[in-house]
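Chain residues, written in single-letter form:
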Amino acid sequence: SQKIEQNSEALNIQEGKTATLTCNYTNYSPAYLQWYRQDPGRGPVFLLLIRENEKEKRKERLKVTFDTTLKQSLFHITASQPADSATYLCALNSGGYNKLIFGAGTRLAVHP
Amino acid sequence: DTAVSQTPKYLVTQMGNDKSIKCEQNLGHDTMYWYKQDSKKFLKIMFSYNNKELIINETVPNRFSPKSPDKAHLNLHINSLELGDSAVYFCASSQDRTYNEQFFGPGTRLTVL
């Protein structure tokens, strides 16, 4: 069956450290993968998109990797801050058009 | 300047009622979506319209009917509401129907009593 899985447990880290979130998928062949941030009571906000032919993408303190052999994406936040605390969702495209399948999200808590 | 807006933000209603949620985007995008986020926080695509044409129609009860009067608006009408319809409904838009980022609205929390 098709699955997209993210760390189900909350991730607690100390301010200044690097947070690494994992997204694994099975029985999908996505052309691209996206990461979103969701704060409580708000809609998801787009962060990064990485295509199947790209190994790595960076934006300021954020870095995403995409390994189509391992069927995995890693999302890194360097020099993390308490303001980075949120739920992070990975999403991959399935089929045609811009149809996104979302993971359940990983809640990140950055402690001062 | 709100990019994607939804009304109402909260909706509390009785089982069996019919209700609508409205969505508008001022980004000039061609494509709009409706998602449902249940209590376990899974965000699932329901429908997508591209320039008023339905292009994604997931396995959703036919009590749910989307309507797009123009490409800036996508409304969701729900008939005969059931307890299991309680969730947060998000509208989103993207530039077009190819692969690009989606912009989400603030969500509508629907509670069916």
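Coordinates for the structure precede this section.
Residues numbered from 1 in each chain as written. Chains lettered and ligands numbered in written order. Predicted model: local features only at pLDDT ≥ 70, side-chain atom pairs only at ≥ 80, totals over all residues. Heavy atoms only, no water.

> Account for the packing of aromatic side chains, with residues named and values stated.
In total, this model carries twelve aromatic pairs over all chains according to the counting rule given. Ring centres of F102(A) and Y35(B) lie 5.7 Å apart, and the angle between their planes is 85°; on these two criteria the pair is classed as edge-to-face. Within this pair, whereas F102(A) is found in strand β10 (residues 100-102), its partner Y35(B) is found in strand β4 (residues 31-37), the two belonging to separate chains. For the pair shown, F102(A) and Y35(B) are each scored as buried. The interplanar angle of 80° and the centroid separation of 6.1 Å between the aromatic rings of F102(A) and F104(B) together place this pair among those described as edge-to-face. With F102(A) in strand β10 and F104(B) in strand β10 (residues 103-104), this residue pair bridges two chains. For the pair F102(A) and F104(B), one class covers both residues: buried. Counting every residue linked through ring pairs, the aromatic cluster contains Y36(A), F46(A), F102(A), Y33(B), Y35(B), F90(B) and F104(B). The ring of Y10(B) has K9(B) sitting right over it, with the charged end atom 5.8 Å from the ring centre. (Phe/Tyr/Trp six-rings, centres within 6.5 Å; stacked < 30°, edge-to-face > 60°. Helix = DSSP H or I, 4+ residues; strand = E, 2+ residues; numbered from the N terminus. Buried < 20%, exposed > 50% of the residue type's maximum accessible area, 1.4 Å probe, protein only. Lys NZ or Arg CZ within 6 Å of the ring centre and 35° of its normal.)

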